[in-house]
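# An overview of the molecular structure
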Amino acid sequence: MGASDKREEVIQAWYMNESDEDQRLPHHREPKEFVSLDKLAELGVISWRLDADNYENDEELKKIREERGYSYMDFCEVCPEKLPNYEEKIKNFFEEHLHTDEEIRYCVAGSGYFDVRDHNDKWIRVWVEKGGMIVLPAGIYHRFTLDTDNYIKAMRLFVGDPVWTPFNRPHDHLPARKEYIQNFLQNEGGQAVDAAA
Ligand SMILES: CSCCC(=O)/C(O)=C/O
Ligand SMILES: [Fe+2]
């Protein structure tokens, strides 16, 4: 592969350190512990790299929306100038929570961190930049923060009428949480996957 073929990653993931420094910093462990997109997929977090300069006419995006039934679409810009009640929203996005439906976000400008819990309840930081689209499955505990560039414009997709309600942890009794555990965190014997890792 020549240098001109080299594509920058628009989605990168790593295990976070425990430091209580600014949430917008990368929070890498020392040494860094990256997480592959395949490992994210094992947690139900799926992703694509798309052409964000062409989202209006993108056949690949159209196909994903058709196949997965993503009929609803709008945009959410997160920065102090554009988001009403910015401080409150930023605080709420970073509270650990789950949704009873998928959270689908396509970053068309800027960047941000979607943090998700792994099989052992450790935080994985998922950095999504322009062109990255991710689906967080219903029932996964997660949170969102801007990075130090302080700006993201995300396309929000949904199946049918959108429901954005966050259920802050703990909400383990919800059917969506139970189904998530069954589908992604337990093996057939009902044991926690990766418990010894
Ligand atoms: C970049 S979209 C804002 C974050 C959000 O909508 C959400 O639900 C985070 O969990
Ligand atoms: Fe969320």
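What this report covers is the structure whose coordinates are included nearby.

Rules used in this analysis
- Residues numbered from 1 in each chain as written.
- Chains lettered and ligands numbered in written order.
- Predicted model: local features only at pLDDT ≥ 70, side-chain atom pairs only at ≥ 80, totals over all residues.
- Heavy atoms only, no water.
- Helix = DSSP H or I, 4+ residues; strand = E, 2+ residues; numbered from the N terminus.
- Rg over C-alpha atoms; globule rule 2.2 N^0.38 Å.
- Buried < 20%, exposed > 50% of the residue type's maximum accessible area, 1.4 Å probe, protein only.
- Phe/Tyr/Trp six-rings, centres within 6.5 Å; stacked < 30°, edge-to-face > 60°.
- Lys NZ or Arg CZ within 6 Å of the ring centre and 35° of its normal.
- Polar contact = N/O pair within 3.5 Å; in protein donor to acceptor, adjacent residues only side chain to side chain.

Scanning the chain from terminus to terminus reveals 4 helices and 11 strands. Taken against the 2.2 N^0.38 rule, which gives 16 Å for 197 residues, the C-alpha radius of gyration of the chain at 17 Å falls within 12% of a compact globule. Taken along its principal axes, the extent of the C-alpha atoms in the chain is 45 × 40 × 40 Å. Taken across its 197 residues, the chain has 40% of its residues classed as buried.

Working definition: an aromatic ring pair is given by the centre-to-centre distance plus the angle between the planes. Under the definition given, this model contains 10 aromatic pairs. Centre to centre, the rings of Phe114 and Phe144 are 4.8 Å apart; their planes meet at 50°, and the pair counts as tilted. With Phe114 in strand S6 (residues 103–117) and Phe144 in strand S9 (residues 142–146), this pair connects stretches of sequence that are 30 residues apart. As far as burial versus exposure is concerned, Phe114 and Phe144 are alike and both buried. Each ring, one from Phe158 and one from Trp164, has its centre 5.7 Å from the other, and the planes form 75°; the classification is edge-to-face. A relative accessible area of 5% places Phe158 in the buried class. Of the aromatic side chains, those joined through ring pairs into one cluster are Trp14, Phe34, Tyr113 and Trp127. Over the ring of Trp123 we find Arg143, and its NZ or CZ is 4.0 Å from the ring centre. Seen from the ring of Trp164, Arg156 lies directly overhead, with NZ or CZ sitting 4.0 Å from the centre.

Moving on, we get to the side chain of Asp115. Tracing the backbone shows Asp115 in strand S6. Accessibility expressed as a relative area gives 0% for Asp115, which makes it buried. Side-chain polar atoms of Asp115 contact the side chain of Arg125, separated by 2.8 Å. Polar contacts involving the side chain of Asp115 include one to the side chain of Arg143, which spans 2.7 Å.

With that settled, consider unusual backbone geometry. Each neighbour pair has its own omega, and for Glu30 with Pro31 the value is 0°, a cis peptide bond. Within the secondary structure, Pro31 is located in the loop between strand S1 (11–15) and strand S2 (34–35). Despite not being glycine, Asn85 has its phi angle at roughly 55°, a positive value. Within the secondary structure, Asn85 sits in the loop between strand S4 (72–78) and helix H3 (86–93). You can call Asn85 exposed: its relative accessible area is 54%. Here the phi dihedral of Asp121 falls at roughly 70°; this positive angle occurs in a residue that is not glycine.

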